[in-house]
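Notes for the structure review
What follows is the residue order along each chain.
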Amino acid sequence: MADARYQIETDSLGRVKVPAGALYSAQTQRAVENFRSSGLKMPTRFIKAVTLIKKAAAEVNRELGLINGTVGYAISAAADEILAGKHLKQFPVDVFQTGSGTSTNMNVNEVLAALACQRCDGVDPNDQVNMGQSSNDVIPTAIHLSAAIAIDQELLPAMNHLAEVIDDKARDVDDICKTGRTHLMDAMPIRLSQEMRGWSAQIRNGVDRIQCTRTRLHKISQGATAVGTGINTPPEFAGKMAERLSEYTGLKFTPNPSPITIAGQSGNFQLNIMLPVIAFNLLQSIDLLSITSRQLADKAISGFRVNEDKLKKSLLNNPVLITVLSPHVGYRKVAEIVQRASKERRPVIEVAEEETQFTRSELEEMLDPIKATQGGIRN
């Protein structure tokens, strides 16, 4: 008696039981059974990137006359369903799988073929959905594509938002001083705005470094096929794929002038064996940076309040502030004043009044923390 929980699918290795109602087929099921490693699945953003590549390939192959229009449109329409967020439970393959990502590539091929067959008969996952492609160029391209989209849509906006919120808050606290700290010791005063603008400058430097990587990230290997030589694809395939992906995303993608470079980077022979893990960790890092940048901006920076009394008390007890007198009385005299103030446990301004020619009001003017943050010699 047949088991209603399963359907029988076949591939070159024979028959295999697949859960009833699954859109994927035999090769995906074999991967599920063979790679029961972590329970971690490929990120949705990555699955959608692979799907977008399949959509572009279907349209390019139709345009080049390699598949008939009905099949090409059926694959493209099927891809649109996944890109809209449907059928995402149909991608069960573990992150720790074949190093080239072949299992995920075939998983997407099989799901798209099944969906396309609902529109027309006889759509094959290998011969038509995967036409002109290989896991060895689809997966590296999907890494670049998914990362480029995530950076453009999530990470850069989040980091720019964080920098802007920091700068806005810096303007609000521009007149507030704090004791600077160097080598875990009190140092000269610094305005909160100066410290915070240092933070925003670091964020913007990070944005600049990310921007510099985008030119390389937007060079894709699609069209290289199995070992980077472009076998089994028309000469114009790579360029047309880059054009379609650029059209879909609004980003400028170009063929990598050496897909062989992509195939060989940090890998063995013509294949990097860690591509799925690279994709998972890269996209996870981008998501974490995007989320935490916005959380830091909106939950920590924008609404914090300053305990001005505590800052003022710290400034008054900071003997290093007397350093501003160095141009007038010399470093040795300043050191003597600090040592005496420390020994007698008195404010340095009192000792300075006794040890120098300056009046109390002159010292208060010269030791104004705000002025100390503005640089230059104060007369």
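The structure under discussion appears in the preceding block.
Keep in mind that what you see is a predicted model, and the values were worked out from it rather than measured.

Overview of the overall build of the protein
- Scanning the protein for helices and strands turns up 16 helices and six strands.
- Expected size for 379 residues packed as a compact globule is a radius of gyration near 21 Å; at 32 Å, the protein overshoots this value by more than 25%.
- In terms of principal-axis extent, the alpha carbons of the protein reach across some 100 × 50 × 35 Å.
- Within the protein, the proportion of its 379 residues that are buried is 46%.
- Long-range pairs, those at least 24 residues apart, make up 69% of the contacts in the protein between residues at least 6 apart in sequence.

Focus: the packing of helix H6 (residues 135–172) against helix H10 (residues 275–301)
- Put simply, H6 and H10 touch, their axes get as near as 9 Å, and they point 15° apart. Between H6 and H10, the angle is such that the two are roughly parallel. H6 and H10 meet at a crossing whose hand is left-handed.
- Tallied by class, the residues present in the contact of H6 with H10 amount to 23 nonpolar, four polar and four charged.

Section: the layout of surface pockets
- Of the pockets and cavities examined, the largest pocket occupies roughly 390 Å³.
- Around the largest pocket, the lining comprises 18 residues; the ones closest to its centre are Leu315, Leu316, Asn317, Pro347 and Val348.
- At the level of secondary structure, the elements contributing two or more residues to the lining of the largest pocket comprise helix H11 (308–316), helix H13 (331–344), helix H14 (348–355) and helix H15 (360–366).
- In terms of residues, the lining of the largest pocket owes the most to one element, H13, which gives three residues.
- Looking at the lining of the largest pocket residue by residue, the class counts come to 11 nonpolar, three polar and four charged.

Some words on the side chain of Asn107
- Tracing the chain through its elements places Asn107 in helix H4 (residues 102–117).
- Under the relative-accessibility criterion, Asn107 is labelled buried at 2%.

Description of the packing of aromatic side chains
- According to the stated counting rule, one finds zero aromatic pairs in the structure shown.
- Here Lys17 stacks its cationic end above the ring of Tyr6, 5.5 Å away from the centre of that ring.
- If you follow Lys169 out to its NZ or CZ, it ends over the ring of Phe304, 4.8 Å from the centre.

Here's the deal with the nonpolar core
- Counting 78 residues, the largest nonpolar core has Phe46, Val123, Leu145 and Leu245 as the members making the most contacts within it.
- Every element with two or more residues in this core is listed here: strand S2 (14–19), helix H2 (44–63), helix H3 (69–83), H4, H6, helix H7 (192–217), helix H8 (237–249) and H10.
- Top element by residues in this core is H6. It accounts for 18 residues.
- Setting aside its immediate chain neighbours within four residues, Leu245 contacts Leu52, Ile53, Ala56, Thr141, Leu145, Ile220 and Phe253.
- With 14 residues, the next largest nonpolar core counts Leu321, Ile337, Leu363 and Leu367 among its residues.

Description of the pattern of salt bridges
- For the structure on display, the rule yields 24 salt bridges.
- In this structure, the salt-bridge partner of Glu63 is Arg244, at a minimum N-O distance of 2.7 Å. Of this pair, Glu63 sits in helix H2 while Arg244 is found in helix H8, placing the two residues 181 residues apart along the sequence.
- Salt bridges sharing partners connect three or more residues here, namely Lys333, Glu336, Arg340, Glu344, Arg346, Glu350, Glu354 and Glu355.

Brief notes about the pairing of strand S1 (residues 6–11)
- Here six bridges tie S1 to S2, and the two strands are oriented antiparallel to one another. Paired with Gln7 across the bridge in S2 is Val18.
- Here S1 hands over to S2 after two residues, the two strands then running antiparallel side by side.

As for a nonpolar patch on the surface
- Together, Met274, Ile278 and Leu282 make up an exposed nonpolar region whose accessible area comes to about 230 Å².
- With respect to the helices and strands, the residue Leu282 is situated in helix H10.
- Among the residues examined, Leu282 registers a relative accessible area of 31% and is labelled partly exposed.

Details of the pairing of strand S3 (residues 177–182)
- Alignment of S3 against strand S4 (residues 185–191), held across five bridges, turns out to be antiparallel. Bridge pairing in S4 links Arg181 to Asp186.
- Counted along the chain from S3 to the antiparallel partner S4, the turn is two residues long, and its residue His183 has a positive phi close to 55°.

Remarks on the side chain of Thr179
- One can find Thr179 in strand S3.
- A residue is classified by how much of its surface remains accessible, and Thr179, at 6% relative accessible area, is buried.
- Within the structure, Thr179 has its side chain in polar contact with the side chain of Ser314 (distance 3.0 Å).
- Filtering out sequence-adjacent residues up to four positions away, Thr179 remains in contact with Asp186, Ala187, Met188, Ser314, Leu315 and Asn318.

Quick word on the packing of helix H1 (residues 26–34) against H4
- Interaxial distance between H1 and H4 falls to 8 Å at its minimum, and their mutual angle equals 140°. Of the two elements, H1 crosses H4, and the hand of that crossing is left-handed. When H1 is examined against H4, the residues Ala26, Gln27, Thr28 and Ala31 are found in contact with a partner set consisting of Ser103, Met106, Asn107 and Glu110.
- By residue class, the composition of the contact of H1 with H4 is three nonpolar, four polar and one charged.

Notes on the environment of Cys117
- By the secondary structure assignment, Cys117 is in helix H4.
- By relative accessible area, Cys117 is classed as partly exposed at 32%.
- Between the alpha carbons of Cys117 and Gln153 there is a distance of 33 Å; along the sequence they are 36 residues apart.
- Leave out the neighbours within four places in its chain, and Cys117 touches Gly122 and Val123.

About the thresholds
- Residues numbered from 1 in each chain as written.
- Predicted model: local features only at pLDDT ≥ 70, side-chain atom pairs only at ≥ 80, totals over all residues.
- Heavy atoms only, no water.
- Helix = DSSP H or I, 4+ residues; strand = E, 2+ residues; numbered from the N terminus.
- Rg over C-alpha atoms; globule rule 2.2 N^0.38 Å.
- Buried < 20%, exposed > 50% of the residue type's maximum accessible area, 1.4 Å probe, protein only.
- Contact = heavy atoms within 4.5 Å.
- Axes fitted to C-alpha atoms, helices over the stretch in contact; angles between N-to-C directions.
- Parallel < 35°, antiparallel > 145°, perpendicular 65-115°, else oblique.
- Left-handed = near helix turned anticlockwise from the far one by under 90°.
- Nonpolar A, V, L, I, M, F, W, Y, C, P; charged D, E, K, R; others polar.
- 1 Å grid on protein atoms, 1.4 Å probe; cavity = no way out; pocket = protein on both sides within 12 Å on 5 of 7 lines; lining within 4 Å.
- Points joined across faces, edges and corners; volume = space filled by probe spheres on them.
- Phe/Tyr/Trp six-rings, centres within 6.5 Å; stacked < 30°, edge-to-face > 60°.
- Lys NZ or Arg CZ within 6 Å of the ring centre and 35° of its normal.
- Core = buried A, V, L, I, M, F, W, Y, C linked by side-chain atoms within 4.5 Å.
- Salt bridge = Lys/Arg side-chain N within 4 Å of Asp/Glu carboxyl O.
- Pairing = 2+ DSSP bridges.
- Patch = residues over 30% accessible without salt bridge, like charges linked within 9 Å, V, L, I, M, F, W, Y side chains within 5 Å.
- Areas by Shrake-Rupley, 256 points an atom, 1.4 Å probe, with all protein chains shown as cover.
- Polar contact = N/O pair within 3.5 Å; in protein donor to acceptor, adjacent residues only side chain to side chain.

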